[in-house]
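Observations on chain architecture
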Amino acid sequence: MRADTDDLLRQATWEEVLQRVLATSPQVSARVAAIEKARCTIASEKAAVVPDVSAQVAVQYDDATEDTIAGVQIGMPLPIWNRNQGGIGRAHAELVAARRDLEATEQTLARRLADIFARNQSAVIQANVLKSDVLTRAADTLKLATEGYQAGEVDFLELLTVQRTYFQASLEYLAALRELNETSQLLAGCLLSGSAAIERTVPEDY
């Protein structure tokens with residue numbers, strides 16, 4: 001039980017959690033794919049500016065001179081006025097929109113993840129304080145009160161009060177561990193499935 005509790009109290013940093021969620025998010029992957037598609041479109045539109053080169057080979061026979069004449073013609077349209085600026089401009093606009101969409105998606109995921117992470121860190125702090133300070137002092141006080149009661153130095157009501165204080169501290173510690181365990185599982189779900197777990201655990205209007 002102690003090993004499990006210690007594992008819960010050792011949590012990753014915000015930067016580690018956020019980066020792992022963004023790396024596994026299907027929403028982020030879709031936005032990144034849109035950016036790559038826009039880049040490919042730009043390259044395709046720019047390639048359309050380069051004209052195709054056509055070549056034609058002709059062979060003729062001159063009856064008068066009895067010579068065979070061969071000729072080669074090369075043709076290439078010159079895009080003096082039409083440089084496909086419209087297509088390139090639209091592709092660049094799609095790239096800018098895709099980058100902004102990715103940025104907005106990452107910000108939304110970070111904002112939704114922050115609520116779970118904040119709850120988790122609050123539970124970590126509370127559990128640590130209760131474990132190392134409150135619960136320890138309550139246990140020491142209970143031990144002394146029990147020994148004093150057995151020696152006749154502490155009356156029953158005082159012992160009962162000390163016991164109640166210890167039990168209350170224990171209940172608070174268990175509540176903190178329960179919150180810590182729940183939020184740790186939520187974070188683990190987010191790390192495994194990216195944004196899907198965040199969508200299930202955080203209200204849409206958060």
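The rules behind the values
- Sequence positions are assigned chain by chain, starting from 1 and proceeding in written order.
- Local features in a predicted model are, by the rule used here, given only for residues with pLDDT of at least 70; side-chain atom pairs are given and counted only at 80 or more, and totals for whole chains, interfaces and linings are based on all residues.
- Note that the side-chain values use all heavy atoms of the structure and ignore hydrogens as well as water.
- Strands are runs of DSSP state E lasting at least 2 residues, helices are runs of H or I lasting at least 4, and numbering of each runs from the N terminus.
- For the exposure calls, accessible area comes from a 1.4 Å probe over protein chains only, and a residue counts as buried if that area is under 20% of its type's maximum, exposed if over 50%, partly exposed in between.
- As used here, the arc belongs to the directions running from the helix axis to the C-beta atoms.
- Throughout, nonpolar core names a set of buried Ala, Val, Leu, Ile, Met, Phe, Trp, Tyr and Cys residues whose side chains join them through atoms within 4.5 Å.
- Scored from 0 to 100, pLDDT records how confident the predictor is in each individual residue.
- Residue contacts are counted whenever heavy atoms from the two residues lie within 4.5 Å of one another.

1. Focus on the side chain of Ser 25
Topologically, Ser 25 is positioned in the loop between helix H2 (14-24) and helix H3 (26-47). Relative accessible area serves as the criterion here: at 0%, Ser 25 is assigned to the buried category.

2. What about H2?
Every buried residue of H2 is accounted for by Val 17, Leu 18, Val 21 and Leu 22. End-on, the buried residues of H2 take up no more than an arc of 125°, which puts them together on one face. Opposite the buried face of H2, by more than 90 degrees, sit the exposed residues Glu 15, Gln 19 and Ala 23.

3. Brief notes about the environment of Gln 163
Looking at the secondary structure, you find Gln 163 in helix H5 (residues 156-193). The spatial distance from the C-alpha of Gln 163 to the C-alpha of Ala 139 is 8.9 Å, given a sequence separation of 24 residues.

4. Considering the nonpolar core
Of all hydrophobic cores here, the largest spans 18 residues; its most connected members are Val 17, Leu 113 and Leu 187. If one sorts the elements of this core by residue count, helix H4 (residues 85-150) sits on top with nine residues.

5. What to know about the confidence of the model for the chain
Taken residue by residue, the chain gives an average pLDDT of 76. The fraction at 70 or more is 67%. Low pLDDT, under 50, characterises residues 199-206; the stretch is placed with twelve contacts to residues that sit more than four places away or in other chains.

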